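Examination of the molecular architecture
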Amino acid sequence: MKILIMTDMEGVSGIVTWGRVGSGKPMYDEGRRLYTEEVNAAVRGAARAGATEIVVVDNHNAGGDNKGNSLLPELIDPACEWVAHHPWTRYTELLEQGADACLMVGYHARAHTPDGVLSHTITSVKWRHLWINGELVGEIGVNAALCGYFGCPVLLVTGDEAACREARELVGDGLTTVAVKRGLTRYSARQIPPVRARGMIEEGAWRALQDLKAVPPWIPSSPVTITAQITMAEMMEDFRGRPGLELDYGSLKVNSRADTWLEAWDQLWDWSV
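In this text, all values refer to a predicted model and were calculated from it rather than measured experimentally. Every chain's residues receive numbers from 1 upward, in the order its sequence appears when written. Totals for whole chains, interfaces and linings use every residue, but because this is a predicted model, local features are given only for residues with pLDDT of at least 70 and side-chain atom pairs only at 80 or more, for both listing and counting. Side-chain calculation: all heavy atoms of the structure are included, whereas hydrogens and water are not.

Description of the sheet that holds strand S7 (residues 154-160)
Here is the rule we go by: Here a strand pair is declared whenever DSSP counts at least two bridges between the two strands. The numbering of helices and of strands both runs from the N terminus, where a helix is a DSSP run of H or I of at least 4 residues and a strand a run of E of at least 2. Throughout, an axis means a line fitted to C-alpha atoms (over the contacting stretch in the case of helices), and angles, computed between N-to-C directions, take values from 0 to 180 degrees. Any two residues whose heavy atoms approach within 4.5 Å at even a single point are treated as in contact.
Strand order across the open sheet formed by 7 strands is S3-S2-S1-S4-S7-S8-S9, with mixed pairing between neighbours. Single-partner strands in this sheet number two, and they are strand S3 (81-83) and strand S9 (188-191). Each adjacent strand pair in this sheet contributes to an overall mean axis angle of 25°, direction not counted. Sitting on the sheet, helix H4 (residues 161-171) is in contact with strand S4 (101-107), S7 and strand S8 (176-185), with an inclination near 155° to S7. Each of S4, S7 and S8 touches helix H5 (residues 194-208); the most contacted strand, S8, lies at about 145° to it.

Quick look at the environment of Asn255
Here is the rule: With a 1.4 Å probe rolled over the protein chains alone, any residue whose accessible area is under 20% of its type maximum counts as buried; one over 50% counts as exposed, and the rest are partly exposed. Polar contact is the term for a pair of N or O atoms within 3.5 Å; when the atoms are in protein, one must be able to donate a hydrogen and the other to accept it, and sequence-neighboring residues count only if both atoms are side-chain atoms.
Of note, Asn255 is situated in strand S12 (residues 253-258). Classification of Asn255 by relative accessible area gives buried; the value is 15%. Considering only alpha carbons, one finds Asn255 and Leu268, 13 residues apart in sequence, at a separation of 8.2 Å. Residues within four places of Asn255 in sequence aside, it is in contact with Thr225, Ile226, Thr227, Gly244, Leu245 and Glu246. In this structure the side chain of Asn255 is engaged in a polar contact, spanning 2.6 Å, whose partner is the side chain of Thr227.

Observations concerning the nonpolar core
One broad trend across soluble globular proteins is that nonpolar side chains are buried collectively. How we decide: Residues grouped as a nonpolar core are buried Ala, Val, Leu, Ile, Met, Phe, Trp, Tyr and Cys residues, joined through side-chain atoms within 4.5 Å.
Within the largest apolar cluster, 89 residues are counted, with the highest numbers of intra-cluster contacts made by Leu130, Trp261, Trp265 and Leu268. Broken down by element, the residue count for this core peaks at 8 residues, all from helix H1 (residues 28-48). Other than its neighbours up to four places away in sequence, Trp265 contacts Trp88, Thr89, Arg90, Ile122, Leu130, Val142 and Ile226.

Regarding the pattern of salt bridges
Convention followed: Between Lys or Arg on one side and Asp or Glu on the other, a salt bridge is scored when a side-chain nitrogen of the former is within 4 Å of a carboxyl oxygen of the latter.
The full count for this structure, using the stated rule, is 10 salt bridges. When the shortest N-O distance is used, the salt bridge between Arg44 and Glu202 registers 3.1 Å. With Arg44 in helix H1 and Glu202 in helix H5, the pair connects residues that are 158 residues apart, well separated along the chain. Here Arg90 and Asp266 are joined by a salt bridge, their closest N and O atoms 2.5 Å apart. Within this pair, whereas Arg90 is found in the loop between S3 and helix H2 (93-97), its partner Asp266 is found in helix H6 (residues 261-268), the two being separated by 176 residues in sequence. The class of Arg90 is buried, set by a relative accessible area of 8%.

Re H6
Cut-off, in case you're wondering: Working definition: the arc comes from the directions between the helix axis and the C-beta atoms, pointing outward to the latter.
Residues Trp261, Leu262, Ala264, Trp265 and Leu268 constitute the buried set of H6. Relative to the axis of H6, the buried residues are bounded by an arc of 160° and lie together on one face.

Remarks on the sheet that holds S12
Pairing is antiparallel across the open sheet formed by 5 strands, whose spatial order is S6-S5-S10-S12-S11. Strands with a single pairing partner mark the edges of an open sheet, and in this sheet they are strand S6 (135-137) and strand S11 (245-248). Strand-to-strand, the axes of this sheet are offset by a mean angle of 25°, without reference to chain direction. In this sheet, strand S10 (residues 224-230) lies alongside strand S5 (residues 127-132) in antiparallel orientation, the contact comprising 5 bridges. Each residue of the ladder has a partner; that of Leu130, found in S10, is Ala228. Seen against the sheet, H6 touches S5, S10, S11 and S12 and runs at an angle of roughly 140° to S12.

In structure tokens form, the structure reads like this:
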């Protein structure tokens, strides 16, 4: 059983401010440890469920050399291998080989979710909203669509209650979710202590992999339209002249249309990001 574990940092227990998730910030080192240990919990659960290959992808952009590079190597569970510093959404090797399931650990809600801790979509500096075929999505939706393109279901999502709710609404009630905190504001939460949260994640990963068909892969219908709303007019220039894109300066929206989700995403999302 091949298992892909996609990870992010804002949905981890103990993390409620940018200071724990940004490279060079005062509490970043503590955030990295909290992050790594929740990922390890999912690895343990997957291994206990019988996974023969587990690949963890660090999807958190902490900035600089720590873009996709926040997991602490010395603490990573030896039952897995991990991908670091690779462009976001561009690691597809295991998916191409036929991953049986994806587990998402430490995820946050999409931008402008009232009870979403550190809620944003990709980056709040540039991206305001994102839609796939008219459905408002966040990073959970983008990564679910990536997995779905290759026929891989997302079977587990962990994070705050808002992220778990968003994920269930997207892929179905059969999804296993583990909420490790409840957002009170964007920068505060009532949290489950990390040690207990890790036990819940391990159990959740094990439980999710008992039924690989609990939810189907999330595959947007074809043809696909991905629409991004950009925060400022000058940032629209980053998309000017790129094939397959339609720019609406009045609404600050960029539309990407193609026969498949991956084609539409490739038009919109630069490989270097």
